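Fold and contact review
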Amino acid sequence: QVQLVESGGGLVQAGGSLRLSCAASGMIERIMSMGWYRQAPGQPRELVTVITTDGSTNYADSVKGRFTISRDNAKNTVYLQMNSLKPEDTAVYYCNADTNLPIGGRYLEVWGQGTLVTVSS
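Residues numbered from 1 in each chain as written. Predicted model: local features only at pLDDT ≥ 70, side-chain atom pairs only at ≥ 80, totals over all residues. Heavy atoms only, no water.

A separate point is the nonpolar core. Nonpolar side chains tend to gather and get buried jointly when the protein is soluble and globular. The biggest cluster of nonpolar side chains holds 30 residues, and the ones touching the most others in it are Leu4, Met34, Trp36, Phe67, Leu80, Met82 and Tyr93. Tallying contributions element by element places strand 9 (residues 91-103) first for this core, with 5 residues. The contacts of Phe67, once residues within four sequence positions are left out, are Arg38, Val48, Tyr59, Leu80, Gln81, Met82, Asn83, Leu85, Asp89 and Tyr93. (Core = buried A, V, L, I, M, F, W, Y, C linked by side-chain atoms within 4.5 Å. Buried < 20%, exposed > 50% of the residue type's maximum accessible area, 1.4 Å probe, protein only. Helix = DSSP H or I, 4+ residues; strand = E, 2+ residues; numbered from the N terminus. Contact = heavy atoms within 4.5 Å.)

Dropping the structure here:
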């Protein structure tokens, strides 16, 4: 199995910055990609960004140029650097890992516990 532990988040003023961390443990060699999702109150969970094992990245249009995903392979940790934060970035942010561990006819997807980011205007 794979476990994800998030840290970071909190309250920041608009225009400020925050960094989220997501540490993976367990069968990390089975992780194919990691990413961040977010869910605002009353809204569906949405993809923010993802990074694959070869370093390819993808970002939601709403965060391009402001957010950066990176990883430290030695620490098995993925980071989300969030700059120029806006009130509309307020949400619970979830770390996600897609694995190649088979389960029930599909592959296991692992989620962190979520961390709240609040951006005040």
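Now, onward.
The predicted coordinates ought not to be read in detail in places where the model reports low pLDDT. Looking at the protein chain as a whole, the pLDDT averages 95, with 100% of positions reaching at least 70. The secondary structure element of the protein chain with the lowest average pLDDT is strand 10 (residues 106-111), at 93, and the one with the highest is strand 2 (residues 10-13), at 98. (pLDDT = per-residue confidence, 0-100.)

A few words on the state of the cysteines. The final tally for this structure, using the stated rule, is 1 disulfide. A sulfur-sulfur distance of 2.0 Å marks the disulfide that ties Cys22 to Cys95. The disulfide joining Cys22 to Cys95 has a torsion of about -85° about its S-S bond and is therefore left-handed. One end of the pair, Cys22, is in strand 3 (residues 18-26); the other, Cys95, is in strand 9, with 73 residues separating them in the sequence. We note that Cys22, like Cys95, is buried. (Disulfide = S-S within 2.5 Å.)

Let us look at the pattern of salt bridges. Across all of its chains, the model carries 4 salt bridges by this definition. A salt bridge links Arg38 to Asp89; the nearest nitrogen and oxygen atoms lie 2.9 Å apart. Of the two residues, Arg38 is situated in strand 4 (residues 31-39) and Asp89 in the loop between strand 8 (77-82) and strand 9; the sequence distance between them amounts to 51 residues. Note on accessibility: Arg38 and Asp89 belong to one class, buried. One salt bridge in this structure joins Asp89 and Arg66, with 2.7 Å as the shortest N-O distance. Taken together, the positions of Asp89 in the loop between strand 8 and strand 9 and Arg66 in the loop between strand 6 (57-59) and strand 7 (67-72) put the pair 23 residues apart, joining distant regions of the chain. An identical accessibility class is assigned to Asp89 and Arg66; each is buried. (Salt bridge = Lys/Arg side-chain N within 4 Å of Asp/Glu carboxyl O.)

The next thing to look at is the layout of surface pockets. A volume near 250 Å³ is recorded for the largest pocket. Forming the boundary of the largest pocket are 15 residues, of which Ile28, Ile31, Met34, Arg71 and Asn73 lie nearest the centre. The set of elements that each furnish at least two residues to the lining of the largest pocket consists of strand 4, strand 5 (46-52), strand 7 and strand 8. Ranked by the residues each element gives to the lining of the largest pocket, the list is headed by strand 4, at 4 residues. Taken together, the residues of the lining of the largest pocket break down into 7 nonpolar, 6 polar and 2 charged. (1 Å grid on protein atoms, 1.4 Å probe; cavity = no way out; pocket = protein on both sides within 12 Å on 5 of 7 lines; lining within 4 Å. Points joined across faces, edges and corners; volume = space filled by probe spheres on them. Nonpolar A, V, L, I, M, F, W, Y, C, P; charged D, E, K, R; others polar.)

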